[in-house]
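Report on the structure
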Amino acid sequence: MVKQVECKGAKIGGAAATVEIVLKELERRIVERDAALDGVLVHVVVADDFPAALVELGEAPPPAGSLMPTVARTLFRDSGPVLVMEGAQVAAALGGEAKDMARFVHLLHSELWRIRLHLDALAAGEESLGAWADSVFDSQLRPVVEAMRNEYSVTRRAVWSLPGESDLMLRHLMDVVDALPAATVEDVTVAVSEDDLDGLFVRSLGRIAHLVQTAAHAQGYLAGLGRPLEAISAELDGILRDSFFGAHWGPLTEQLDAVFQADSADAVETARQHLQETLLAVFVSLGLLLRRAEDGGVWIEPLTPSRDR
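Anyway, here's the lowdown on the structure attached to this text.

Calculation rules
- Residues numbered from 1 in each chain as written.
- Predicted model: local features only at pLDDT ≥ 70, side-chain atom pairs only at ≥ 80, totals over all residues.
- Heavy atoms only, no water.
- Axes fitted to C-alpha atoms, helices over the stretch in contact; angles between N-to-C directions.
- Helix = DSSP H or I, 4+ residues; strand = E, 2+ residues; numbered from the N terminus.
- Parallel < 35°, antiparallel > 145°, perpendicular 65-115°, else oblique.
- Left-handed = near helix turned anticlockwise from the far one by under 90°.
- Contact = heavy atoms within 4.5 Å.
- Core = buried A, V, L, I, M, F, W, Y, C linked by side-chain atoms within 4.5 Å.
- Buried < 20%, exposed > 50% of the residue type's maximum accessible area, 1.4 Å probe, protein only.
- Nonpolar A, V, L, I, M, F, W, Y, C, P; charged D, E, K, R; others polar.
- 1 Å grid on protein atoms, 1.4 Å probe; cavity = no way out; pocket = protein on both sides within 12 Å on 5 of 7 lines; lining within 4 Å.
- Points joined across faces, edges and corners; volume = space filled by probe spheres on them.
- Polar contact = N/O pair within 3.5 Å; in protein donor to acceptor, adjacent residues only side chain to side chain.
- Phe/Tyr/Trp six-rings, centres within 6.5 Å; stacked < 30°, edge-to-face > 60°.
- Pairing = 2+ DSSP bridges.

On to the packing of helix α11 (residues 246–261) against helix α12 (residues 265–285), then. Between α11 and α12, whose axes approach to 9 Å, the crossing angle comes to 160°. The orientation of α11 relative to α12 falls into the category roughly antiparallel. The element α11 and its partner α12 pack so that their crossing is left-handed. Where α11 abuts α12, its residues His248, Pro251, Leu252, Gln255, Leu256, Ala258 and Val259 lie against Val268, Ala271, His274, Leu275, Thr278, Ala281, Val282 and Ser285.

A few words on the nonpolar core. Leu211, Phe245 and Trp249 are the most contacted members of the largest nonpolar core, which totals 48 residues. Those elements that place two or more of their residues in this core are α6 (136–157), α7 (170–194), α8 (197–225), α10 (234–241), α11, α12 and β5 (288–292). When residues in this core are grouped by element, the largest group, 12 residues, is from α8. Excluding anything up to four places from it in sequence, Leu211 contacts Leu173, Val176, Val177, Leu180, Phe244, Phe245 and Val282.

Here the focus is the packing of α6 against α12. Contact geometry of α6 with α12 gives a least axis separation of 9 Å together with a crossing angle of 105°. The pairing of α6 with α12 is recorded here as roughly perpendicular in orientation. Listed contacts from α12 to Phe137, Asp138, Leu141, Arg142, Val144, Val145, Glu146, Met148 and Arg149 of α6 are Val268, Arg272, Leu275, Gln276, Leu279 and Leu280. Among the residues forming the contact of α6 with α12, the class breakdown is nine nonpolar, one polar and five charged.

Of the volumes computed, that of the second largest pocket is approximately 200 Å³. In terms of lining, the second largest pocket is formed by 15 residues, of which the most central are Gln219, Arg227, Pro228, Leu229 and Thr253.

Okay, the environment of Arg73 next. Counting through the fold element by element, Arg73 comes out in strand β3 (residues 72–77). There is a polar contact of 2.9 Å between the side chain of Arg73 and the side chain of Glu59.

Another aspect to go through is the packing of aromatic side chains. Applying the stated rule across the entire model yields two aromatic pairs. Centroid distance Tyr152 to Phe260: 5.9 Å. Interplanar angle 80°. Geometry classified as edge-to-face. With Tyr152 in helix α6 and Phe260 in helix α11, this pair connects stretches of sequence that are 108 residues apart. Since its relative accessible area comes to 2%, Tyr152 is described here as buried.

On the basis of which strands lie adjacent, the open sheet formed by four strands has the order β1-β2-β4-β3 and mixed pairing. With one partner strand each, in any of the chains shown, β1 (4–8) and β3 form the two edges of the open sheet. Each strand axis lies, on average, 20° off the axis of its neighbour in the sheet, ignoring direction. Bridge analysis of β1 against strand β2 (residues 43–47) gives five bridges, and the strand direction is parallel. Within β2, the residue paired with Glu6 across the bridge is Val45. Packed onto the sheet, helix α2 (residues 16–33) meets β1, β2 and β4 (80–86) and runs at close to 145° relative to β1. Sheet contacts for helix α5 (residues 98–123): β3 and β4; angle to β3, the most-contacted strand, approximately 25°.

Put into structure tokens, the structure is as follows:
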């Protein structure tokens, strides 16, 4: 259970006693429903200045434009996990409407599952890249595969606390799917004009990682709810299936479920490999061939000419 709650900053500090009581009570109620989360978190820091709190704890703040969480982040220290939360987010939950509290409960619930899954991975010896570390090519893609796996696992398990008005990140997913082809064409144009294939790989990997992590986030919710996308919105289902990403949605549904259900190290590794194959197929759908170079590194090339060629 949570034993230590620190409130840093004048604003949140004024409500420190209330924050501590509420956080401990919310955690207790969540654990009543999800016993696997019992004891995963002991220390919480709530700060007016979220980036400064991260720095104070020895962690670099999320860089500008980063996809990393900006309102809650767990740091894993030798003494145990430390959940850092933005004070404004906590204050809004305490002083807002019921829907604000519902969103906060789901945020806390999700973070507890992130911690549980990370600790389980450590216990299983999955904290390193393992055999993947021997290949530069694989080690570039493994973090994306793992992020997909983790995002899916969290949202699928935390679905019972999902607020009723949530759109499951589906609208954001559709926005990313809609924007990515044109953004990729622009990236290719710049890379060709500047002879910068390394830069093209970095930019395209970042964009595609965002896409597939968002997809895994939504897929976890859908699996937890036991409803396909078509049952949630026939309109969005049709738009997605007609997009470049449509061909990958079904395989991802099966592969993410397979890695979630895997009951052995071999089964997990097989599911990871299938996810990596789909990741490479997404590159191809965007007109980019990503392959293993002769030296084991990464080779990327456009499959279609840029607009300037």
